[in-house]
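Breakdown of the fold
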Amino acid sequence: MKHTFRIIAATLAAGFGAGGAQAADQVNIICSVQAEWCNMISTVYARTTGTKINVSMKGSGEALAQLIAEKENPKTDIWFGGTGDPHLQAAEQGLSLEYKSPSLAQLHPWAQQQAQQAKYKTVGIYSGPLGFGYNPELLEKKKLPVPKSWADLLKPEYKGDIQVANPASSGTAYTMVATLVQLMGEEPAFEYLKKLHRNVGQYTRSGTGPIKAVARGETAVSISFIHDAPGEKMAGFPVETVTPSEGTGAEIGSMSIIKGARNLEAAKKFYEWALTPAAQEMAAAARQFQLPSNKNAKVDPRVPDFKAIKFINYDYAKYGASAERKRLIAKWEKDVNSLPR
């Protein structure tokens, strides 16, 4: 990993030239991607620009809660990564700053749409599909089939062998709830979630927790973003993925500058850097395999093939609204999470 840091830092330093940011610059970042990626971007950016980077790692639901709590006295400059819905909510609540990047034209249409819907208070930096992770060794040991559809997860043989995150703290799990509502209709979706509840062994705080548990043989199946699996496989763990045959949603991981940022100019420099192909290609170097938003970024072969997945037409504007998220999470807590398992 140190060798990777040196190569990337040298490449980026060549791109920056000698006139990078002044050593006095600093940026305070909430980072909602996996720790390895957070550490890599902060280390490389600090080394290549002389900027001091302070990183706090939080899931997207927790990040939004912190920004709401800090609204009158923001301590954060940039929120990097995590599902796009909470970023849209932050924009709606006036927590993020309108900033129209000159790099927007280089981004895929879905990333530009994310910016437009937020009135340029956020931008898409990657996308990743929702699906299932499974441990083939554990399935074979328990004589369980590979689940291939949402309907399969309700089969009684999976009781206690499924993990998913809690939608109140995890953008991944909220994406699942919103996906099912759009796929089935609200009442059928909640009937489905009640039945699924019987088979869930644990609701985790973090969206990446379930697939890590699958990889380590602690549970057989997870509902996860499938781009989280290749990194676990690279670490030697037995984990495979599948996307549900009925259709699925995808996250648009986003980035926002916080309104009232104390280090605004330094934050804008980081924001522009994070949209470059070289910065976005660092995700794969950190064993993260989302689809980068910059059209010129090289796509690692381990990134899921979006053309092979059946996607729903996910309404990011509707399900990214604060009132809708709050309502659906409250309904899940009352109608689903309160039930015995």
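Owing to the predicted nature of the structure, the values given are computational and were not obtained by experimental measurement.

**Considering the overall build of the chain**
Looking only at helices and strands, the chain features 15 helices and 10 strands. Its C-alpha radius of gyration of 20 Å places the chain within 12% of the 20 Å reference for a compact globule of 341 residues. With the model as given, the accessible surface of the chain reaches about 14,200 Å², and the carbon-plus-sulfur share is 52%. Separation of charge centres in the chain, based on 40 positive and 32 negative side chains, amounts to 2 Å.

**Describing the pattern of salt bridges**
One pass over the structure, following the stated rule, counts 16 salt bridges. One salt bridge in this structure joins Arg327 and Glu186, with 2.8 Å as the shortest N-O distance. With Arg327 in helix α15 (residues 322-337) and Glu186 in helix α8 (residues 186-199), this pair connects stretches of sequence that are 141 residues apart. One salt bridge connects Lys331 with Asp335, and the closest N-O pair in it is separated by 3.5 Å. Taken together, the residues span about one helical turn, with Lys331 and Asp335 both in helix α15 at a distance of 4 residues. Asp335 matches Lys331 in its accessibility class, with the two residues each being buried. Through salt bridges with shared partners, a single ionic network connects Glu187, Lys331, Lys334 and Asp335.

**Topic: helix α5 (residues 109-117)**
Looking at α5, one finds that the buried residues are Ala111, Gln114 and Ala115. Within α5, the buried residues cover an arc of 95° as seen down the axis, which keeps them to one side. Against the buried residues of α5 lie α4 (84-92), β4 (123-134), β9 (250-257) and α14 (316-319). In the stretch just after α5, Lys119 is the one whose phi turns positive, near 55°.

**A few points about the pairing of β9**
The side chains of a regular strand alternate, first on one face of the sheet and then on the other. Burial within β9 is extensive, with 8 of its 8 residues counted as buried. Burial along β9 is two-sided: the face carrying Ala250, Ile252, Ser254 and Ser256 and the face carrying Glu251, Gly253, Met255 and Ile257 are both buried. In this structure, β4 lies alongside β9, joined through 6 bridges in antiparallel fashion. Considered in β9, the bridge of Gly128 is made with Glu251.

**Quick look at the nonpolar core**
By size, the foremost hydrophobic cluster in this structure holds 42 residues, and its most contacted members are Trp150, Leu153, Met176, Leu193, Leu196, Val221 and Ile223. The dominant element in this core, judged by the number of residues it contributes, is helix α7 (residues 171-184), at 6 residues. Ranked by size, the runner-up nonpolar core spans 35 residues in total, among them Trp37, Ile41, Leu104 and Ala115.

**Observations concerning the side chain of Gln290**
Residue placement: Gln290 occurs in the loop between α13 (282-285) and β10 (291-292). Here the side chain of Gln290 touches His227 through a polar contact of 3.3 Å, side chain to side chain. Not counting chain neighbours up to four residues away, the residues in contact with Gln290 comprise Trp37, Tyr126, Ser127, His227, Glu251 and Val303.

**As for unusual backbone geometry**
The backbone of Lys119 sits at a positive phi, close to 55°, despite the residue not being glycine. Secondary-structure assignment places Lys119 in the loop between α5 and β4. With a phi close to 55°, Lys143 is a non-glycine residue in the positive phi region. Of note, Lys143 is situated in the loop between α6 (136-141) and β5 (162-165). Overall, the relative accessible area of 74% leaves Lys143 in the exposed class.

**What to know about the side chain of Ser127**
Tracing the chain through its elements places Ser127 in strand β4. A polar contact of 2.9 Å, which involves the side chain of Ser127, links it to the backbone oxygen of Glu251. Ignoring any residue separated from it by four or fewer positions in sequence, one finds Ser127 in contact with Trp110, Ala250, Glu251, Ile252, Gln290, Leu291 and Phe306.

**Digging into the environment of Ile258**
Among the secondary structure elements, Ile258 is positioned in the loop between β9 and α11 (264-274). Judged by relative accessible area, Ile258 falls into the buried class, the value being 4%. In this structure, the C-alpha to C-alpha distance between Ile258 and His108, residues 150 residues apart in sequence, is 23 Å.

**Observations concerning the packing of aromatic side chains**
According to the stated counting rule, one finds 13 aromatic pairs in the structure shown. Each ring, one from Tyr99 and one from Tyr271, has its centre 5.1 Å from the other, and the planes form 85°; the classification is edge-to-face. Here Tyr99, found in the loop between α4 and α5, pairs with Tyr271, found in helix α11; they are 172 residues apart in sequence, far enough to count as distant. Grouping residues by exposure puts Tyr99 and Tyr271 together as buried. Relative to Phe311, the ring of Phe306 has its centre 5.4 Å away and its plane inclined at 35°; by these criteria the two rings are tilted. Relative accessible area serves as the criterion here: at 22%, Phe306 is assigned to the partly exposed category. An aromatic cluster is defined as three or more aromatic residues linked by ring pairs; in this entry it consists of Trp37, Tyr45, Phe80, Tyr126, Phe270 and Trp273. Directly above the ring of Tyr120 sits Lys100, whose terminal nitrogen or CZ lies 4.7 Å from the centroid.

Basis of the calculations
- Residues numbered from 1 in each chain as written.
- Predicted model: local features only at pLDDT ≥ 70, side-chain atom pairs only at ≥ 80, totals over all residues.
- Heavy atoms only, no water.
- Helix = DSSP H or I, 4+ residues; strand = E, 2+ residues; numbered from the N terminus.
- Rg over C-alpha atoms; globule rule 2.2 N^0.38 Å.
- Areas by Shrake-Rupley, 256 points an atom, 1.4 Å probe, with all protein chains shown as cover.
- Lys, Arg positive; Asp, Glu negative; His and termini not counted.
- Charge placed at Lys NZ, Arg CZ, Asp CG, Glu CD.
- Salt bridge = Lys/Arg side-chain N within 4 Å of Asp/Glu carboxyl O.
- Buried < 20%, exposed > 50% of the residue type's maximum accessible area, 1.4 Å probe, protein only.
- Arc of directions from axis to C-beta.
- Contact = heavy atoms within 4.5 Å.
- Pairing = 2+ DSSP bridges.
- Core = buried A, V, L, I, M, F, W, Y, C linked by side-chain atoms within 4.5 Å.
- Polar contact = N/O pair within 3.5 Å; in protein donor to acceptor, adjacent residues only side chain to side chain.
- Phe/Tyr/Trp six-rings, centres within 6.5 Å; stacked < 30°, edge-to-face > 60°.
- Lys NZ or Arg CZ within 6 Å of the ring centre and 35° of its normal.

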